[in-house]
Amino acid sequence: MTTPSPVVVLGVTGGIAACKAAELCSLLAKKEFEVHVIMTGNALRFVGELTFRTLSRNPVVTSLWERPQWQPEHVALASRASLFVVAPATANFIAKMACGIADDALSTFAATYSGPTVVAPAMNPAMWAHPACRRNVAELVSRGVIFCGPETGHVACGPDGTGRMAEPEKILSSLPGL
Ligand SMILES: Cc1cc2nc3c(=O)[nH]c(=O)nc-3n(C[C@H](O)[C@H](O)[C@H](O)COP(=O)(O)O)c2cc1C
């Protein structure tokens, strides 16, 4: 009898670094995880769900209202997942996680799941430095959420600074248990 692969949920939110999440998805799948991707509506503006469906070899959840099983997907996945990775994590999504807001598939999953979580932020340096973001990050750290990055360097949307998403290999090596 074969041991089932651990289930990882990869949350992808709406920033330019969403394209780098495709590489992370591929690395997770190669690590023998069962990968399930949940994308926000704004993530879909940056990269198509077909990319993640192909790399994860699983259907991608993009709406709270898709019901392939009798249970809503966020509940079904929250009970099966042993790891949650958000990459890239927008300032908006970090704020929603910190407050427990559940208004789309990904934030509702985050509000249901309570296991190990790794967040890889990516945003403009001014957003990362903003007191609201600092408070939200501190709240999540106090709950045991692991932050990987952001890194300092070139950012797509303005002057260089701290806000660049960590490289997929680095996010992979930050996952607990790996
Ligand atoms: C071209 C473009 C790039 C963006 N990049 C980022 C980003 O890297 N990080 C971020 O926090 N927000 C970024 N935003 C803003 C988010 O898309 C916006 O806050 C959105 O509400 C996030 O939605 P989500 O968190 O549900 O995916 C960007 C917006 C645009 C138009």
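Residues numbered from 1 in each chain as written. Predicted model: local features only at pLDDT ≥ 70, side-chain atom pairs only at ≥ 80, totals over all residues.

Help me out: how do you make sense of the sheet that holds strand β1 (residues 7-12) in this one?
Note on sheets: strands pair through backbone hydrogen bonds, and any given pair is parallel or antiparallel. Read from one edge of the open sheet, 5 strands run β2-β1-β3-β4-β5, paired in parallel fashion. Only two strands of the sheet have a single partner each, and these edge strands are β2 (34-39) and β5 (146-147). Note that β1 and β2 share 6 bridges and pair parallel. Residue pairing for β2: Val9 is matched across the bridge by His36. Helix α3 (residues 73-80) contacts β1, β2 and β3 (81-89) of the sheet and is inclined by roughly 115 degrees relative to β3. (Pairing = 2+ DSSP bridges. Helix = DSSP H or I, 4+ residues; strand = E, 2+ residues; numbered from the N terminus. Contact = placed C-beta atoms within 7 Å. Axes fitted to C-alpha atoms, helices over the stretch in contact; angles between N-to-C directions.)

So what exactly am I meant to see when it comes to the site of the ligand here?
The ligand sits among 16 residues. The nearest are Gly14, Gly15, Thr40, Thr90 and Met123. At 3 residues, the largest contribution of residues to the shell around the ligand is made by helix α4 (residues 91-99). Across the shell around the ligand, the residue classes tally to 9 nonpolar, 7 polar and no charged. (Near = placed C-beta within 6 Å. Nonpolar A, V, L, I, M, F, W, Y, C, P; charged D, E, K, R; others polar.)

Explain the pairing of strand β4 (residues 117-121) to me, please; I cannot follow it from the model alone.
Looking down a regular strand, the side chains alternate between one sheet face and the other. The element β4 is extensively covered by neighbouring structure, given that 5 of its 5 residues are classed as buried. Burial of the side chains of β4 extends over both faces: Thr117, Val119 and Pro121 are buried on one face and Val118 and Ala120 on the other. In this structure, β3 lies alongside β4, joined through 4 bridges in parallel fashion. In the sheet register, Ala89 faces β4, and the bridge partner there is Pro121. (Buried ≥ 20, exposed ≤ 12 C-beta atoms within 10 Å, placed from the backbone.)

In this structure, what is going on with the packing of helix α1 (residues 18-30) against helix α2 (residues 49-56)? I would like to understand it.
The angle between the axes and the distance between the axes are what describe a pair of packed helices. It is the contact of α1 with α2, at a shortest axis distance of 9 Å, that shows an interaxial angle of 15 degrees. Relative to α2, the element α1 is oriented roughly parallel. For the crossing formed where α1 meets α2, the hand is right-handed. Along the contact surface, α1 presents Ala22, Cys25, Ser26 and Ala29, while α2 presents Thr51, Phe52, Leu55 and Ser56. Its residues placed into classes, the contact of α1 with α2 shows 5 nonpolar, 3 polar and no charged. (Parallel < 35°, antiparallel > 145°, perpendicular 65-115°, else oblique. Left-handed = near helix turned anticlockwise from the far one by under 90°.)

Where do I start with α4 in this structure?
What sets the pattern is the α-helix's 3.6 residues per turn: residues three or four places apart point alike. Within the sequence span of α4, burial applies to Ala91, Phe93, Ile94, Lys96 and Met97. Residues of α4 that are buried make contact with β3, α5 (105-112), β4, α6 (125-129) and α7 (131-142). Immediately beyond the C-terminal end of α4, within one or two residues, lies Gly100, with a positive phi of roughly 75 degrees.

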